[in-house]
Amino acid sequence: ETKPVSFPVGGSTAELLLYPSDAADIYEKWIAFIVIVTAPLVLGLLAFGISQLTVRATLRPLRQLGAGISQLKDGDYRMKLVCRGPPDVRRACAEINALADVLAKLQERNLAFLKRIVSAQDDERAEIGRDLHDEFGPLLFAARANTHALLQHHADPQLIARAGEIASIVEAIQKTNSRLLARLRPLDLENLGLARSIAALVDGPAIRAGKLTTDVKLDAGLDRLDELSARTVYRFVQEAITNVA
């Protein structure tokens, strides 16, 4: 209806006019329109959120595998991955854990092998040092004693001059032998400890001969190293000083 409808009220001259209104119909249509427009958007957002959660849940085990491989690449063979996700991902995770175990065992074997190599080198140096001390040392002492005897009991100037030259040569050889023994068998390392031995090494003849200035900063924990590690550090510093000199 487009026109108002009149109804008499109580038989009097008054009447009730009803005007037609389509507000309710428009409101209903408007709600339907909003629902039609927003429903796909809401459903799309829900679908997007669900897909994101699904993808993240799916990729999380793959990211863990990637992190585990990165740890292996960086040398961390003690890591253990928690295997989750699809069966294929769990199998790959188990293989990475098994590979980490194998690499850790190989690393332990390599370290043990390197320790044996260093120990063998030190044993060889010690043996050579004993030979120099026990065999070469007495011979040099005897040669020096004999040259001193010639200097004291002969008056021939030429013989005395030659004996003096021989004594100087023998003395130089003895000093060289002492330096070799110190390099082969660092006895101070056992008596003084690693920190004081390195300090003495830096303040040694090679530094003084080269007129080098040194600034030594040593960690007190050096003296807590095991014997093999202490010898290795000492040799490292010793070779470095030799190269610098």
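See above for the structure.
Treat the numbers as computed from the prediction; the structure is a model and nothing was measured. (Residues numbered from 1 in each chain as written. Predicted model: local features only at pLDDT ≥ 70, side-chain atom pairs only at ≥ 80, totals over all residues. Heavy atoms only, no water.)

Remarks on the pattern of salt bridges
This structure, assessed with the given rule, holds four salt bridges. For Arg78, the salt bridge is made with Glu108, and the minimal N-O distance between the two is 2.4 Å. With Arg78 in the loop between helix H1 (23–73) and helix H2 (87–153) and Glu108 in helix H2, this residue pair connects regions lying 30 residues apart in the sequence. In this structure, Lys80 and Asp101 form a salt bridge, with 2.6 Å as the shortest nitrogen-oxygen distance. (Salt bridge = Lys/Arg side-chain N within 4 Å of Asp/Glu carboxyl O. Helix = DSSP H or I, 4+ residues; strand = E, 2+ residues; numbered from the N terminus.)

Observations regarding the nonpolar core
By size, the foremost hydrophobic cluster in this structure holds 10 residues: Leu194, Ile198, Leu201, Val202, Ile207, Leu222, Ala230, Tyr234, Val237 and Ile241. Of all the secondary-structure elements, those providing two or more residues to this core are helix H5 (194–202) and helix H7 (227–244). (Core = buried A, V, L, I, M, F, W, Y, C linked by side-chain atoms within 4.5 Å. Buried < 20%, exposed > 50% of the residue type's maximum accessible area, 1.4 Å probe, protein only.)

Topic: the environment of Leu194
In this fold, Leu194 is placed in helix H5. Classification of Leu194 as buried rests on a relative accessible area of 3%.

A closer look at H5
Among all positions of H5, only Leu194, Ala195, Ser197, Ile198, Leu201 and Val202 are buried. For H5, the angular spread of buried residues about the axis comes to 165 degrees, placing them on one side. (Arc of directions from axis to C-beta.)

Digging into the packing of H5 against H7
When two helices pack together, their arrangement is given by the angle between the helix axes and the distance between those axes. One can describe the packing of H5 onto H7 by two numbers: an axis separation of 10 Å at closest approach and a directional angle of 10 degrees. Classed by the angle they form, the pair H5 and H7 counts as roughly parallel. In this structure, H5 contributes Leu194, Ser197, Ile198, Leu201 and Val202 to the contact, and H7 contributes Ala230, Val233, Tyr234, Val237, Gln238 and Ile241. Tallied by class, the residues present in the contact of H5 with H7 amount to nine nonpolar, two polar and no charged. (Axes fitted to C-alpha atoms, helices over the stretch in contact; angles between N-to-C directions. Parallel < 35°, antiparallel > 145°, perpendicular 65-115°, else oblique. Contact = heavy atoms within 4.5 Å. Nonpolar A, V, L, I, M, F, W, Y, C, P; charged D, E, K, R; others polar.)

Things to note about H7
With 18 residues, H7 extends 26 Å from end C-alpha to end C-alpha; this agrees with the ideal 26 Å at 1.5 Å per step. All of the buried residues along H7 are Leu228, Ala230, Arg231, Tyr234, Arg235, Val237, Gln238 and Ile241. (Expected span 1.5 Å × (residues − 1).)

As for a positive patch on the surface
On the surface, a cluster of positive charge is contributed by Arg56, Arg60, Arg63 and Arg84. Mapped onto the elements, Arg56 comes out in helix H1. (Patch = residues over 30% accessible without salt bridge, like charges linked within 9 Å, V, L, I, M, F, W, Y side chains within 5 Å. Areas by Shrake-Rupley, 256 points an atom, 1.4 Å probe, with all protein chains shown as cover. Lys, Arg positive; Asp, Glu negative; His and termini not counted. Charge placed at Lys NZ, Arg CZ, Asp CG, Glu CD.)

What about a negative patch on the surface?
There is a patch of like negative charges on the surface, built from Asp123, Glu124, Glu127, Asp131, Asp134 and Glu135. Its location among the elements puts Asp134 in helix H2.

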